[in-house]
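# A closer look at the structure
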Amino acid sequence: MADAVDVGPELKDNREARQQDPATSEHESADKEEEDLKEHYTEPASNNGLPAEKMQTAKEEEKPKPSKVKGLWGQLGLDTGTVLMMFKGSLAPTIAIAWYQSRDISGIYGTLGYLVPIISVLSLSIMPRAKYIQTLLLNILGICVGSAMALLGTWSAIQARKNTTPAGSVERYNSSQSAVCAIWLFANIYFANVMRAKMPALQFPVIMYSIFTNVAFTFGPLFQTTAQAEALVKQLLTSFLSAFAISTGVSLFIIPVSSRTVVQKEQAGYVQGIRGALKAHTAYLLSLESSDMFSANKTTVDVDDDNRHKTKNQKSTYGTTETPEAKALKVAIAGLVALHGKLHGDMPFGKRETAWGKLDAQDLDEMFRLFRGILIPLVGMSTITDIFERIAERRGWVKSKLNSFDRAEAWEHCDEESKLEEKKVWNEVMKSLHDSFAVAASAMDEGLEHAGLLLELLPKPKKKTGEDEEAKGTDPKPGDGDFGKYLDKKMLDFYKMRGQSLKAWAKEKGLTIDMFDATPPVAEIIDPVPDDGQHRRDQQQLYLILYMEHLLYSTGIAIAAFVKFADSKVADGTMKKNHLILPGQRRIKKWILDLGREDATVDTDSPDSMESGSNIVYMGSGFSKPKDPEHLPPKTIWEHLGNGVRTIPRFFRSAESAFGFRVACATLTVGIVAFLEKTQTFFTEQRLVWAMIIIAIGMTMTSGQSMFGFFGRVVGTFVAAVLSIVAWYIVDQKKPGVIVFLWLFIFLEMYFFLKFPRFVPIWLVAIVSQVLIIGYELQVRRIGIAAASATGQPYYPIYELAPYRLACVAAGSLVAFIWTIFPYPLSDRSWLRKDLGNTLYLLANYYSVVHSTIGARMHGTEGNMERKESPGRQLKKARNKIFGTLIMLLPSLRSHADWQKWEPSIGGKFPRETYEGIILRSTNIMNYLTLISYATQAWSDDSEVLYPNTDPAVRRKWLNNLTAVLDSINPTSHQITSTLTLLAASIREGFALPPYMQLPEPYDLNRRLEAVDKGILDARHVQDPGYSAYACLQVASSMIMDDMARLIEHVKDLVGETDFAFKVSLSDSSLDSSGLSRNSGKGKSD
């Protein structure tokens, strides 16, 4: 915590003796403040003379306990929306199977009728409308291209048969025809899966395409005329399109759900999530008024002498005790961050959808931007738990696995008595902050309710019968027209109270106001006084207070902006009535282009320089495309053409190409049986084409997912086979009963599909297997055994067919797993390591662009933020792009860390704890950098709106002094960027770190600032927003430095360091004059 404690007003340690018993004062104050908070958050009610506590107890006793069934229902998450979606998801395949029982329909589809319900399952009619329409269009495009490729491939195979078959021959098998079909199948599967790996949006279209081409090309060797091939392709195309039609009808007309509805529900959940996080934070701050935030967490850990290998029955203390309030705060923030990520993914679909509503795409964009502005300071506020833990570690009050105490400065080392004093001081600080924090949190909660009501995200509260209107008071309530002004007044009152709370803290420390404002001479700063440690610990406390206050005020300002947006939508008539909302041409064009676009650089469209007014703005190389170390930038036409040619080998050596090749090899491993003369009949009779389809559906890029998928699909298919037999025989093979039970089982299976989307391929295989088994048996009932066997596939009763399907799934899954690990495994562990390297490299870029942003704000060179070409807008664009990429990468890292558990360990164990430590430190650094970027908005020239009670000229004068100091520490900032880049390269390539790698030196801004202006850090500037932003900068930067130290240790554990130093012990051996070891024991000398 070197930086956090090195910053703050100069406070002398002239403490006055307390006149009252500390323990008595602590408990009395805690009880009083807790009662005040309860009164603030509970509604007034008549208690008939009883104490509030007894009345509350009586109410709880009178309230009936929920039934066990209702409790179980709630635990399962079976709300109305989930049940409706379960019903909707089970409807399409049931309709398709029932539809096929018509004689007219069965005559159209023949022996491929069972494909219709299967494809209707894979069409996923439960998706929101915009997502479904996009997938539907891509599915149709996929099967149309697939039908064209199937016709071309089978036609060329038939031509090969004609050219190699002697006249008058009646041989059914032709090797040339089979070879051509195999080549076409391999090429189609390869290119389709390359596209699938490059563009996730093509996941299901590629599955459709693979099913189509697998069926067409495995039947291709049996065709003797083009008419036969055309008939099959036509029948396949008809089956697929019919399934799409049924799914589309269900999606659009049965419990329709638009993407805008999903976005609006997530926005409503976001508002409630923010309110919950604010209440959790208030409860946590209330708990700090009496709890010990520095108490050690006693856990049984396995540690030996060098803290590497594990032994049992040893007690150690790592970290601080996490109170229930702290846990609740972390859970609330984690849920809000997860919802933010989900909303980020659903926003594009909601914006491009045609809808009948009130808010257009620009409004949705603005709301998301406002939500992000609220989320960042909320996440920053939750880091106070982490900060207290770091303080306890560095002061030696708790043990740290990474020796944080050893990195601490001398003034940070404290004994247990100092711990009790520190704890007591923080308890009193939290009590002094209680009133202002509670008022601000209550106002923000009402502001969120107000905005939610105006934007129709929250339901209007019902009026209570017998409610006294006069008892409500005269203050505006959420939903009132002038509530926005009321919220602004409340936040302004909180901002004015900041100085009072700080002076109350100084008084609690025994400091007079004059001493609080005093600054020791520079000589005293450079040569610390004997009690300088206590002085710097006081600085740390003050900065943490400013840190919390500034972030809470920033949260209030962000919520006030959200309220103003809601008021503006009411004022301009947007919320009065619904209207038709159509996506513009630009949005549609962007949607089409984004389907195949890859984010490869920070900003590939930014020019090297651009003109802004009369000044030339020179952009750094980070805004340009990454350089090619083997080629200079092309200048001539031929060089540009050569760059185009080089994309071909780059395509074939990519990871996506390797994945496509593996899928094609896995498919042909089974498919080769269809192209050999002696096994062709066996392939047809045993329906091995479904093993190939399982490969297309379930093959993944990494071995961990493949191993889990193998077991999951086999178990899922086994359950599907059992349920199919149950559904068939429980109603004595009666068609209506079989269809009803099939629907019931699919309905129940859709619960797992909805609640555990991570395992969608497993649920799909299980449902598809069940539909396939029942659908085939009902198809045979409809068209007869003779017609069903006409294609060469013998009829199997259900008790034989179900095990055959299970065997096909097991075989396909096994082949997919083998080709995932052969000839070398594509493991989640190697992907995790590479993605970690990419993440650290992006963090280096993110740190650099945030540092540049801070410099632009301090120097006032951001320019007009309304103009796209201004430097500030360019920095914001680069910052948001890197941040968005990191947000996508970090969950991927956790996913790989979870999947790798399924990979077989050959050799030593995988260092999962070390990798998880790197992920945690990377996440922390990203969060603190984002917080720095957000907090330093107070230094922008246009921040007068946020801080109306400050003088811009005074703010700029103070900021100029700060600018002079920060300009002198650029090398330290660049050293952090260089360190992160070096760590990224070491992890990605597996190279050892250089020896004696030094952590970048802390900024130590306090002393440098005082060398410029002795009074720059005194209390006269505490009310200045730039001062609080400075406090946030130093607290966050100190946390970054601590995370950097831990990150370096983790990376050293993984890759080691290039250190050839050695020590020679002369106890058992000695060195001769040549420097060689001379052993004194027995043995042969070489």
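Because the structure is predicted, anything quoted here is derived from the model rather than measured.

Assigned secondary structure in the chain consists of 38 helices and eight strands. Within the chain, the fraction of its 1086 residues that count as buried is 51%. Once local pairs closer than 6 in sequence are excluded, the contacts in the chain between residues at least 24 apart make up 83%. Of the accessible surface of the chain, which amounts to about 52,200 Å², a share of 59% is contributed by carbon and sulfur atoms.

Bringing the environment of Leu370 into the picture now. Note on placement: Leu370 falls in helix H14 (residues 361-382). Here Leu370 falls in the buried class, since its relative accessible area comes to 7%. Placed 192 residues apart in sequence, Leu370 and Phe562 show a C-alpha to C-alpha distance of 6.1 Å. Discounting residues that sit within four places of it in the chain, Leu370 has contacts with Ala561, Phe562 and Phe565.

With that out of the way, let us pick up unusual backbone geometry. Cis geometry is adopted by the peptide bond preceding Pro823, which originates at Phe822 and carries an omega value of 0°. For Pro823, the location among the structural elements is in the loop between helix H31 (798-821) and helix H32 (828-859). Within the chain, Ile255 stands out as a residue other than glycine whose phi angle is a positive 45°. The class of Ile255 is partly exposed, set by a relative accessible area of 25%.

Running from amino to carboxyl end, helix H5 (residues 80-100) crosses helix H7 (residues 115-122) at an angle of 170°, the nearest separation of the two axes being 8 Å. Regarding the angle of H5 to H7, the classification is roughly antiparallel. The handedness of the crossing between H5 and H7 is right-handed. Contacts from Ala92, Pro93, Ala96, Ile97 and Trp99 in H5 reach Val116, Pro117, Ser120 and Val121 in H7. Across the contact of H5 with H7, the residue classes break down as eight nonpolar, one polar and no charged.

Taken as a whole, the chain shows an average pLDDT of 79; of its residues, 76% reach a score of 70 or greater. Scored below 50 in pLDDT, residues 1068-1086 shows 11 contacts in the model against residues more than four places distant or in partner chains.

Glancing now at the packing of aromatic side chains. Under the criterion given, the structure shown has 31 aromatic pairs. Centre to centre, the rings of Phe87 and Trp743 are 6.3 Å apart; their planes meet at 75°, and the pair counts as edge-to-face. With Phe87 in helix H5 and Trp743 in helix H28 (residues 735-755), this residue pair connects regions lying 656 residues apart in the sequence. You can call Phe87 partly exposed: its relative accessible area is 32%. Since its relative accessible area comes to 23%, Trp743 is described here as partly exposed. Linked through ring pairs, Phe708, Tyr751, Phe752, Phe756, Phe759, Trp763, Trp899 and Trp902 together constitute an aromatic cluster. Looking at Arg352, its charged tip hangs above the ring of Phe349, at a distance of 5.2 Å from the centre.

For the structure shown, the criterion picks out 25 salt bridges. Arg369 is the partner of Glu366 in a salt bridge, and the nearest nitrogen-oxygen pair spans 2.4 Å. Separated by three residues within a single helix, Glu366 and Arg369 lie in helix H14, roughly one turn from each other. According to the relative accessible area criterion, Glu366 is partly exposed, its value standing at 26%. The salt bridge involving Glu862 is made with Arg857; its shortest N-O contact spans 3.5 Å. Taking relative accessible area as the criterion, Glu862 reaches 10% and is therefore assigned buried. Using a relative accessible area of 4% as the deciding quantity, one classes Arg857 as buried. Through salt bridges with shared partners, a single ionic network connects Asp386, Arg390, Glu393, Arg921, Asp1042, Asp1043 and Arg1046.

Moving on: empty space enclosed by the protein. Applying the stated criterion across every chain, the model contains five cavities of 30 Å³ or more. For the largest cavity, the calculated volume is near 120 Å³. Forming the boundary of the largest cavity are 15 residues, of which Thr282, Leu285, His434, Phe437 and Ala438 lie nearest the centre. Those elements that provide at least two residues to the lining of the largest cavity are helix H12 (259-287) and helix H17 (416-454). A class-by-class count of the residues in the lining of the largest cavity yields 11 nonpolar, three polar and one charged. Taken as a whole, the second largest cavity holds about 90 Å³ of empty space. The set of elements that each furnish at least two residues to the lining of the second largest cavity consists of H5, H7, H28 and helix H29 (760-783). Among the elements that take part in the lining of the second largest cavity, H5 stands out by supplying three residues, more than any other. Classifying every residue of the lining of the second largest cavity by side-chain character gives nine nonpolar, three polar and no charged.

Glancing now at the environment of Asp538. Considering the arrangement of structural elements, one finds Asp538 in helix H21 (residues 532-571). For Asp538, a relative accessible area of 0% translates into the label buried.

It is worth spelling out the side chain of Thr702 at this point. Along the polypeptide, Thr702 turns up in the loop between helix H26 (689-698) and helix H27 (703-729). Taking relative accessible area as the criterion, Thr702 reaches 2% and is therefore assigned buried. Within the structure, the side chain of Thr702 is placed 3.1 Å from the side chain of Gln705, a separation counted as a polar contact. Sequence-distant contacts of Thr702, that is, excluding residues within four places in its chain, are made with Thr820, Leu826, Ser827, Asp828, Trp831 and His896.

With respect to the element layout, Pro904 can be found in the loop between helix H33 (871-899) and helix H34 (912-935). Taking the C-alpha atoms as reference points, Pro904 and Gly704, separated by 200 residues in sequence, lie 8.3 Å from one another. Here Pro904 is in contact with Met707 and Arg829, once residues within four sequence places are set aside.

One recurring pattern in soluble globular proteins: nonpolar side chains tend to sit buried together. Counting 142 residues, the largest nonpolar core has Phe388, Trp426, Phe562 and Trp939 as the members making the most contacts within it. By residue number, the principal contributor to this core is H21, which donates 18 residues. If you look at the next biggest cluster of nonpolar residues, it comprises 107 residues, including Tyr132, Phe240, Leu688 and Val760.

Right, let's talk about a nonpolar patch on the surface for a bit. A cluster of nonpolar side chains, namely Val715, Phe718, Val719, Val722, Val726 and Ile730, defines an oily patch on the protein surface of about 500 Å² accessible area. Relative to the helices and strands, Phe718 is located in helix H27. Using a relative accessible area of 48% as the deciding quantity, one classes Phe718 as partly exposed.

Mapped onto the fold, Arg161 is located in helix H8 (residues 129-164). Of the side chains with opposite charge, Glu171 lies nearest to the buried Arg161, which makes no salt bridge, at 7.6 Å. In this structure Arg161 touches Glu171, Arg172, Tyr173, Asn174, Gln177, Pro221, Phe223 and Gln224, once residues within four positions along its chain are discounted.

Take H14 next. Taking 1.5 Å as the rise per residue, H14 with 22 residues should run 32 Å; its terminal C-alpha atoms sit 32 Å apart, in good agreement. Summarising burial for H14: 17 of the 22 residues are buried, a large majority. Its side-chain oxygen placed 3.2 Å from the backbone nitrogen of Gln362, Asp360 serves as the N-cap of H14.

Conventions and cut-offs
- Residues numbered from 1 in each chain as written.
- Predicted model: local features only at pLDDT ≥ 70, side-chain atom pairs only at ≥ 80, totals over all residues.
- Heavy atoms only, no water.
- Helix = DSSP H or I, 4+ residues; strand = E, 2+ residues; numbered from the N terminus.
- Buried < 20%, exposed > 50% of the residue type's maximum accessible area, 1.4 Å probe, protein only.
- Contact = heavy atoms within 4.5 Å.
- Areas by Shrake-Rupley, 256 points an atom, 1.4 Å probe, with all protein chains shown as cover.
- Axes fitted to C-alpha atoms, helices over the stretch in contact; angles between N-to-C directions.
- Parallel < 35°, antiparallel > 145°, perpendicular 65-115°, else oblique.
- Left-handed = near helix turned anticlockwise from the far one by under 90°.
- Nonpolar A, V, L, I, M, F, W, Y, C, P; charged D, E, K, R; others polar.
- pLDDT = per-residue confidence, 0-100.
- Phe/Tyr/Trp six-rings, centres within 6.5 Å; stacked < 30°, edge-to-face > 60°.
- Lys NZ or Arg CZ within 6 Å of the ring centre and 35° of its normal.
- Salt bridge = Lys/Arg side-chain N within 4 Å of Asp/Glu carboxyl O.
- 1 Å grid on protein atoms, 1.4 Å probe; cavity = no way out; pocket = protein on both sides within 12 Å on 5 of 7 lines; lining within 4 Å.
- Points joined across faces, edges and corners; volume = space filled by probe spheres on them.
- Polar contact = N/O pair within 3.5 Å; in protein donor to acceptor, adjacent residues only side chain to side chain.
- Core = buried A, V, L, I, M, F, W, Y, C linked by side-chain atoms within 4.5 Å.
- Patch = residues over 30% accessible without salt bridge, like charges linked within 9 Å, V, L, I, M, F, W, Y side chains within 5 Å.
- Lys, Arg positive; Asp, Glu negative; His and termini not counted.
- Expected span 1.5 Å × (residues − 1).

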